[in-house]
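Here is what each chain is made of, one letter per residue.
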4 protein chains.
Amino acid sequence: MSSVVRAVVWGANGMAGGEVLRILAGHPSIRVEGAVSRSRSGQPVWHTHPHLRGSFPELAFCSPEEGKATGADIAFLALPHGTSAPLIRECLDRGMKVADLSGDVRLRNPADYEQWYGSAPLFPELLDRAVYGLPELYRDKLKGADLASGVGCNASCSILGLYPLARAGLIGDVRIEVRVGSSEAGATPTTGSHHPFRSRALRVYEPFRHRHLAEILQELNLSEEGVTLTMTAVEMIRGVQMIAHVNLSRRVKEAELWKAYRSAYSGEPFVSLCPARPSHLRLPEPKLVAGSNQALTGFTLHEDGTRLVVVTAIDNLMKGAAGSAVQSANLLLGLDETAGLGMLPVYPA
Amino acid sequence: MSSVVRAVVWGANGMAGGEVLRILAGHPSIRVEGAVSRSRSGQPVWHTHPHLRGSFPELAFCSPEEGKATGADIAFLALPHGTSAPLIRECLDRGMKVADLSGDVRLRNPADYEQWYGSAPLFPELLDRAVYGLPELYRDKLKGADLASGVGCNASCSILGLYPLARAGLIGDVRIEVRVGSSEAGATPTTGSHHPFRSRALRVYEPFRHRHLAEILQELNLSEEGVTLTMTAVEMIRGVQMIAHVNLSRRVKEAELWKAYRSAYSGEPFVSLCPARPSHLRLPEPKLVAGSNQALTGFTLHEDGTRLVVVTAIDNLMKGAAGSAVQSANLLLGLDETAGLGMLPVYPA
Amino acid sequence: MSSVVRAVVWGANGMAGGEVLRILAGHPSIRVEGAVSRSRSGQPVWHTHPHLRGSFPELAFCSPEEGKATGADIAFLALPHGTSAPLIRECLDRGMKVADLSGDVRLRNPADYEQWYGSAPLFPELLDRAVYGLPELYRDKLKGADLASGVGCNASCSILGLYPLARAGLIGDVRIEVRVGSSEAGATPTTGSHHPFRSRALRVYEPFRHRHLAEILQELNLSEEGVTLTMTAVEMIRGVQMIAHVNLSRRVKEAELWKAYRSAYSGEPFVSLCPARPSHLRLPEPKLVAGSNQALTGFTLHEDGTRLVVVTAIDNLMKGAAGSAVQSANLLLGLDETAGLGMLPVYPA
Amino acid sequence: MSSVVRAVVWGANGMAGGEVLRILAGHPSIRVEGAVSRSRSGQPVWHTHPHLRGSFPELAFCSPEEGKATGADIAFLALPHGTSAPLIRECLDRGMKVADLSGDVRLRNPADYEQWYGSAPLFPELLDRAVYGLPELYRDKLKGADLASGVGCNASCSILGLYPLARAGLIGDVRIEVRVGSSEAGATPTTGSHHPFRSRALRVYEPFRHRHLAEILQELNLSEEGVTLTMTAVEMIRGVQMIAHVNLSRRVKEAELWKAYRSAYSGEPFVSLCPARPSHLRLPEPKLVAGSNQALTGFTLHEDGTRLVVVTAIDNLMKGAAGSAVQSANLLLGLDETAGLGMLPVYPA
C-alpha cells in the first residue's frame with residue numbers, strides 16, 4: 001500500500017454514505033477520490049451533507065462512470081440491497097478492494113440468501129469470497145481479504161451483545177428486541193419518517209422475523225426455533241439498542257458470564273463491557289456512544305441463574321454501518337484498524 | 001336550522017381535515033355525513049386517522065361526487081390553496097354554508113391576493129362575500145354570513161397577539177417571529193419533514209415575507225414598511241408561538257397595555273391574557289394549550305416604555321385551523337359558538 | 001347520591017393529582033371542593049397547573065385540615081406510597097368514599113405487601129376492603145364498594161394486555177417489557193429526569209422485578225417463576241407501552257386468540273382491540289391514545305403457534321392513573337362509568 | 001513549554017467541565033493531571049461522565065487541595081460565577097496559566113461588572129489582566145497572556161454573528177433573540193429542567209436584559225439603548241442559535257455585507273459564513289455544528305436595504321464554552337490554536 005490510499009464512495013448521497021465521508025474526512029491515510037451519486041451527479045457534496053462543507057469544500061458528486069474511472073484502491077459501497085453485488089464484482093475485477101455496506105454479501109449460504117431476501121443471489125461466488133465485516137469476529141480473515149460484507153445495524157448490535165454467550169454455548173432460547181432511531185431508515189422521506197408521525201413513535205414492527213435475523217443466526221450459529229427478533233422505532237435519530245431476554249441453556253453463576261464476556265472482548269478497541277456498578281450504568285443506552293464507533297454491552301442475571309437480560313448499544317451509522325465498514329477496510333488495507341475512528345461520544349446530546 | 005346539522009368535510013385525509021373530524025366527533029349538534037378524499041375514497045377514515053376509530057368506526061372516505069350528494073348543511077373545506085375556491089362557489093350555489101380552511105378567500109382585496117399568491121383570484125366575488133374566520137374580530141359578521149374564510153395558523157396567532165395594540169394605534173413597527181411545529185406543513189412527507197432532519201431543527205426560513213404576512217397586514221391595518229415576519233421550524237408537532245418585537249408608536253405605561261388587552265378580549269371564550277405573575281407564566285408557550293382551542297397572550301414592556309415583547313401561543317391545528325373553523329361554523333349556523341370546543345389542554349405532553 | 005357529588009383531591013400538586021383535576025374540570029356531576037397540598041397550601045392551583053387556569057380560576061390549594069373539613073363525598077388520594085393508608089382510613093371513617101391512586105391498598109395479601117413494599121401494611125384490613133381499581137376486571141365489585149385501590153400504570157397496562165390470555169390459561173411464561181414516559185416519575189426533578197440526561201434516553205432498569213410485578217401476578221393469577229418485568233425509560237412525556245413476549249401454554253390458532261380477547265373486552269368503553277389490518281396499526285403505540293382514557297391492545301402470533309407478542313398502549317396519567325381512578329369513582333358513586341372521560345386522543349402530538 | 005502540557009480542570013463534574021475533559025482526552029499535547037470536584041472527590045470521573053470511561057479509566061475526581069498540588073501548567077476553571085475569581089488569583093500566583101469559563105472576568109470595566117452582576121468584583125485587577133476568551137477577536141492578545149476569560153455561550157454566539165457589522169459601524173439598533181438547549185443550564189436538576197416540563201418547551205425569558213448582554217455590548221462597542229436580548233429555551237440539548245433583527249445604520253447593498261463578513265473571518269479555523277445558495281442552507285441551525293467547535297453565520301437582507309436578519313449557530317458546550325476555552329488555552333500556551341478541536345459535527349443527530 002502506498003502511504004495514502006485512494007477511496008471512492010458509492011451511494012455517497014445516502015445516510016450511511018455520508019457517514020463514510022464524515023469518517024474519511026478525518027482519516028489519516030485514506031483520501032476520498034470520488035463520491036458517487038447517480039441522482040446528484042455534479043452537485044456539491046455539501047449541498048447534501050452540509051456538515052462536511054469544511055471538509056470537502058470542492059468535492060462534487062460524480063457519476064458511476066466517473067467513480068469507476070478514479071482508479072481508487074478501495075470502494076465503499078453504500079447502496080440499496082440488490083444493487084451492490086454487480087458493482088462489487090466489477091470493482092474486484094478492476095483490482096480494487098471493497099468494503100460493502102449492503103446486505104448483498106452478508107449471508108454465506110445461497111439458500112439462506114434466497115430464503116431471507118426472496119430471490120437467489122446474483123453472484124453466489126461473492127458470498128463465499130466476502131468476509132463478514134465485523135472485525136471483532138473476523139479480524140484475521142479480514143486482514144488477508146479483498147471484500148468485507150456490510151453488517152446490519154440491528155444484527156451487529158445483537159451479534160456483539162450475544163456472541164460471548166453463543167460461543168460459550170449458553171443460549172437456550174432468546175427473544176431479541178431492538179430499538180432503532182430514525183436514521184436507520186435512510187435519507188428518503190416516507191409517511192413513516194414524517195415528523196408528526198415519527199416523533200415520539202413507539203412503533204413495534206417485524207415482531208418475529210426481521211431480515212437481520214438471518215445474520216444473527218448465521219454468526220451466532222443458532223437456529224430459528226430458539227430466536228425471535230422484534231423491532232421498535234423509538235424517538236432518536238442515531239442509535240440502536242438491543243435488549244435480549246435470554247433463557248440460558250443451563251444454570252450459571254454471574255462470574256461465569258463476566259468471564260465469557262471478558263475473554264471474548266479483551267483488547268477490543270471498540271467494544272466495552274459495562275461495569276457492574278454503579279447500577280445505573282450497568283445496562284447501556286445509545287446516548288452514551290453517539291457519534292462514536294463504540295459498542296457497549298451490559299447484562300443482569302436473574303437470581304434464578306437461568307434468566308438473563310443483555311443490553312447492547314451502538315450508533316447505527318457508526319459501529320452499525322460506516323464505522324464497521326471503515327474498520328474492516330483498515331484491515332483489508334493493512335492499516336491500523338482504529339485509524340480514523342477515534343472520535344469520542346458526544347454526550348450529553 | 002334543524003336540531004342536528006349535517007356536515008361534509010373536504011380534504012378529510014389531511015392534517016387539518018383530520019382535526020375537523022376530531023372536533024366534530026364530539027360536537028353536540030353537528031353530524032359528519034361525509035369525509036371527502038379523492039385519493040383515499042373507499043378506505044376507512046380510521047386507516048388514516050387511527051385515533052378516530054372509536055368515533056367513526058364505519059365511516060369511509062368518499063369521492064367528491066359523493067360528498068356533494070350528501071346534501072349537507074355545511075361544508076368544511078380543508079383543501080390546498082388554489083383548489084378551494086371553485087368548490088366554495090359550488091357549495092354556496094347548492095345552498096350550503098361553507099367554513100373554508102384554505103388561503104383562497106382570506107384576503108379581501110383582489111390586488112393583495114394577486115401580489116401574495118402570484119395570480120389573480122379565480123372568483124373575486126368570493127373575497128367580498130367571505131368573512132375572515134376569526135370570531136374574535138368578526139363575530140357579528142359571521143353570525144349572518146354563509147362563508148367563513150380560513151385563517152393562517154401563523155397569521156391568526158400573530159393577529160390575536162397584536163390586535164389590541166393595533167386597535168389602539170400603538171404599533172410603530174414590529175418584527176414578528178413565529179415558531180412552528182411540524183404538523184403545520186401537513187401530512188405529506190418531504191425532505192424537510194424527514195425525521196432525521198426535522199427532529200430538533202431550528203430552521204429559519206422566510207426571513208421577511210411569509211405569505212401569512214398579507215393577512216396580518218390586512219387584519220391589523222398595517223403597512224408592509226413597518227412589519228416583518230420570520231419563521232422558525234422548531235422541535236414540536238403541534239403549536240405556534242409568536243414573539244413580536246414591537247417598537248411602540250409612543251411611550252406608554254404598562255397599565256395602558258393591560259387595559260388595551262383586557263378591553264379587546266373581555267369575555268372571549270378562547271383568548272386569555274397571561275398573568276403578570278408568577279413571572280415564569282407571563283409569556284406563554286404552546287405546551288400550555290396543546291389539544292385545545294385556546295390562545296394565550298402575554299407581554300413585557302421594556303423600562304424605556306417604548307420597546308415591547310408580545311408572545312402568543314396556540315395549537316396550530318386547533319385555534320390556528322380547525323378550531324377556528326368550527327368556531328366560525330358555529331356562528332354561521334347560529335349554534336353556541338363554543339359547541340364542541342371545550343377540550344382542555346393536555347399538559348404536560 | 002345528590003345530583004352533584006363533591007370531591008376533594010389530595011396530592012393535588014402532583015402529576016397524577018393534576019390529571020385528576022383536569023378530568024374533574026369537565027366532569028358533569030363531580031365538583032371539586034378542595035385541592036390539598038401541604039407544601040403549596042394557599043397558592044392558586046393554576047400556579048402549579050397553568051393549563052387549568054381557565055377551569056379553576058379561583059381555586060387555591062388547601063391544607064390537609066381544610067381538605068378534611070370540606071365534608072366532600074369522595075376523596076381522590078394521589079399521595080406517595082406509604083402515606084395514603086392512614087388517610088384512607090380516616091376518610092372512610094368520616095363516611096367518604098375513596099378512590100386511591102397510591103400503591104398502599106393494591107395488594108390483597110398482607111404477605112405480598114410486605115414482600116414487595118418491604119414492611120407490613122399499616123392497616124391490613126384496608127387491603128381486604130379495597131377493590132382493585134380496574135373496572136375492566138372489577139366492575140361489579142366496584143359498584144357496591146367504598147374504596148377503590150390505585151393501579152400501577154405499568155401494571156394496568158400489562159394486566160389489560162394479558163388478562164384475556166391469563167383467563168384462558170394460555171400463558172406458559174412471559175417476558176414483559178414496559179416503555180415509559182417521563183411523567184411517570186412524577187413532578188419532582190431528579191438527575192434522572194434532568195432534560196439533558198432524560199431526553200432521548202433508552203434507560204433500561206429494574207430488569208426483572210419492578211414493584212408493579214406484584215400487581216400483575218395478583219391480577220393475572222400467575223407465579224413469579226414464569227414472569228419477568230423489565231422497564232425502559234424512553235423519550236416521551238405521557239404514555240406506557242407494554243410489549244409481552246409470551247410462550248403460550250399450548251399451540252393455538254390465531255382465531256382462538258381473537259376470541260379470547262373479544263370475549264374479555266366486548267362492550268368495554270375504554271379498551272379496544274387493534275385490527276389485524278392494516279398491519280401498521282396492528283400493534284399500538286401510546287401516541288394513539290395521548291390525553292385519553294383509552295387502552296389499545298394488539299398481538300401477533302408466530303407461525304409456530306406458540307410464541308406470541310402482545311402490545312398494549314395507554315396514557316399513563318389517564319388509564320394508568322387518574323382516568324382509571326375517576327372511572328372507578330364513577331362506579332363507587334353510582335354514576336355513569338364513562339362520565340368525564342370522553343376526551344378523544346390528541347393525534348398527532 | 002515542555003512537549004506535554006499538564007492541565008487541571010476545576011468544576012470537572014459539571015457540564016462545561018465534562019466537555020473540557022472530552023476535548024482534552026483527544027488533545028495531542030495537553031494531559032489531564034487533575035479533575036477537581038469538591039462534592040465528588042474520590043469518585044471515578046466516569047461515574048459522572050460515562051462517555052469518558054474509555055478515555056480516563058483510572059481518573060478520579062480530586063479535592064481542590066489535590067488540584068492545587070498537581071503543579072499543573074494550566075488550569076481550566078469551570079466554576080459557578082463568583083467562585084472563580086479567588087482561584088484565578090491563586091493559580092496565577094502559583095505561576096499557572098488560566099483559562100476561565102465563568103463570568104468572573106469577562107467584563108473589563110468594574111462598574112459594568114457591578115451593574116450586571118450586582119456586586120463589586122472581588123479582584124478588580126483581574127478584569128484588566130484577563131483577555132476575553134474569543135480568539136476570533138483577541139488572538140494576538142491571547143498569545144502573550146496568562147489569563148483568558150470565559151465567554152458566555154449566548155454572548156459568544158451573538159458576538160460572532162454581529163461583530164463584522166459592528167466593526168463596520170452598520171448596526172443602528174438590534175433585537176437579538178437567542179434559542180438555547182437544555183445543557184446550557186448545567187448539570188443540576190431543577191423544575192425548569194424537569195423533562196415533562198422542559199421537553200418541547202418554548203419558554204421565553206429575560207425578554208430584554210439577560211446578563212450576557214453586558215458582554216455583547218462590551219465586545220461590539222454598542223450601548224444599551226439600541227440592543228435587546230431575548231432568550232427562548234427550546235427542545236434541544238446542545239446548541240445556541242442567535243437570530244438578530246438588525247436595523248442598519250444606513251442603506252446597504254448585499255455585496256457590502258458579504259465583504260464585511262468575509263474580511264472579518266477570512267482564515268478563521270472555526271468560523272464559517274453560510275453560502276447564499278442553496279437557500280435552505282443560508283441561515284444556519286445548531287444541528288449542523290453539534291459536537292464541534294464550529295460557528296456558522298448567515299444573513300438575509302431585506303429588499304429595502306436597511307432591515308437585516310443575521311443567524312448564527314454554535315454548540316454551546318463547545319464554541320460557547322469548553323471549545324473556546326481550549327482554543328484560548330492553546331494560544332496562551334503557544335500551541336497550535338486548533339489542537340484537539342478538529343472534531344467534525346455529528347449530523348444528523
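Numbering of residues starts from 1 in each chain and follows the order in which that chain's sequence is written. Here chains are named by letter from A upward and ligands by number from 1 upward, in the order in which they appear as written. Local features in this predicted model are restricted to residues of pLDDT 70 or higher, and side-chain atom pairs are both shown and tallied only at a pLDDT of 80 or more, whereas totals for entire chains, interfaces and linings draw on every residue. Think of the side-chain values as coming from all heavy atoms in the structure, minus any hydrogens and water.

By the naming in an unreviewed UniProt entry, chain A is N-acetyl-gamma-glutamyl-phosphate reductase, taken from Aminivibrio pyruvatiphilus. Its UniProt record gives chain A the following Sequence similarities (unreviewed entry) comment, quoted word for word: "Belongs to the NAGSA dehydrogenase family. Type 1 subfamily." UniProt positions are given in the numbering used here, feature names are shortened, and annotations may be inferred rather than shown by experiment. Per UniProt, chain A has the following entry under Pathway (unreviewed entry): "Amino-acid biosynthesis; L-arginine biosynthesis; N(2)-acetyl-L-ornithine from L-glutamate: step 3/4."

The description of two helices packed together rests on the angle between their axes and the distance between the axes. All names here are of chain A. In this analysis an axis means a line fitted to C-alpha atoms, helices contributing only their contacting stretch, and an angle means the value between N-to-C directions, from 0 to 180 degrees. Numbering of helices and strands starts at the N terminus; helices are DSSP runs of H or I of at least 4 residues and strands are runs of E of at least 2. Where helix α1 (residues 15-25) meets helix α12 (residues 318-332), the closest approach of the two axes is 9 Å, and the angle between their N-to-C directions is 50°. Relative to α12, the element α1 lies oblique. Of the two elements, α1 crosses α12, and the hand of that crossing is right-handed. Where α1 abuts α12, its residues Ala-16, Glu-19, Val-20, Arg-22, Ile-23 and Leu-24 lie against Met-318, Ala-321, Ala-322, Gly-323 and Val-326. A class-by-class count of the residues in the contact of α1 with α12 yields 8 nonpolar, 1 polar and 2 charged. Small angles under 35 degrees read as roughly parallel and large ones over 145 as roughly antiparallel, with 65 to 115 read as roughly perpendicular and the rest as oblique. Handedness of a crossing is defined here by the sense of rotation of the near helix relative to the far one, left-handed for an anticlockwise turn of less than a right angle and right-handed for a clockwise turn. Two residues form a contact once any of their heavy atoms are found within 4.5 Å. Gly is placed with the polar residues, together with every amino acid not listed as nonpolar (Ala, Val, Leu, Ile, Met, Phe, Trp, Tyr, Cys and Pro) or charged (Asp, Glu, Lys and Arg).

Quick look at the domain arrangement of chain A now. All names here are of chain A. Domain start and end points were adopted from an automatic or database domain assignment. Under the domain assignment, chain A is made up of domain 1 (5-130) and domain 2 (153-316). Spacing between the C-alpha centres of domain 1 and domain 2 amounts to 27 Å. Contact residues are listed per partner, giving 11 residues for domain 1 and 16 residues for domain 2. Summed over both partners, the accessible area lost on bringing two parts together, with a 1.4 Å probe, is the buried area. With both chains or domains summed, domain 1 and domain 2 bury close to 1200 Å², and 49% of this area falls on carbon and sulfur atoms. Its largest share of buried area at the contact with domain 2, domain 1 owes to Met-15, Arg-106 and Trp-116, together 51% of the area lost on that side.

Bringing the interface of chain C and chain D into the picture now. With 21 residues of chain C at the contact, the number on the chain D side is 21 residues. Carbon and sulfur atoms supply 65% of the area buried between chain C and chain D, which totals about 1600 Å² over both sides. Just to be clear on terms, a salt bridge is a Lys or Arg side-chain nitrogen sitting within 4 Å of an Asp or Glu carboxyl oxygen. Taken together, chain C and chain D are joined by 0 salt bridges. Polar contact is defined as a pair of N or O atoms within 3.5 Å, subject to the rule that within protein one atom must be able to donate a hydrogen and the other to accept it, and that residues adjacent in sequence are counted only when both atoms are side-chain atoms. For the interface between chain C and chain D, the tally reads 10 residue pairs in polar contact (both at pLDDT 80 or more). A total of 4 residues in the side of chain C that touches chain D trace back to one element, the largest contributor, which is helix α9 (residues 195-198) of chain C. Class assignment for the residues of the side of chain C that touches chain D results in 8 nonpolar, 10 polar and 3 charged.

Moving on, we come to the side chain of Glu337(A). Residues and elements named next belong to chain A. Within the fold, Glu-337 resides in the segment after α12. In terms of polar contacts, Glu-337 uses its side chain to reach the side chain of Gln-327, at 2.7 Å. Setting aside anything within four residues of it in sequence, one finds Glu-337 in contact with Pro-135, Arg-139, Pro-269, Phe-270, Gln-327, Asn-330 and Leu-331.

Our next topic: the interface of chain A and chain C. Chain A puts 43 residues into the contact, and the matching count from chain C is 43 residues. The contact between chain A and chain C buries some 3800 Å² in all, and 57% of this surface belongs to carbon and sulfur atoms. In terms of surface lost to chain C, no three residues of chain A exceed Arg175(A), Arg200(A) and Leu202(A), which account for 20% of the buried area on that side. Taken together, chain A and chain C are joined by 2 salt bridges. Residue Arg179(A) is joined to Glu177(C) by a salt bridge in which the shortest nitrogen-to-oxygen separation is 2.8 Å.

Next up on the list: the relation of the copies chain C and chain D. Least-squares fitting of one copy onto the other uses the C-alpha atoms of those residues that reach a pLDDT of at least 70 in both copies. Laying chain C over chain D is done by rotating through 180° and shifting 0.0 Å along the axis; what remains is an RMSD of 0.0 Å. Look at the turn and shift together and you get a two-fold axis relating the two.

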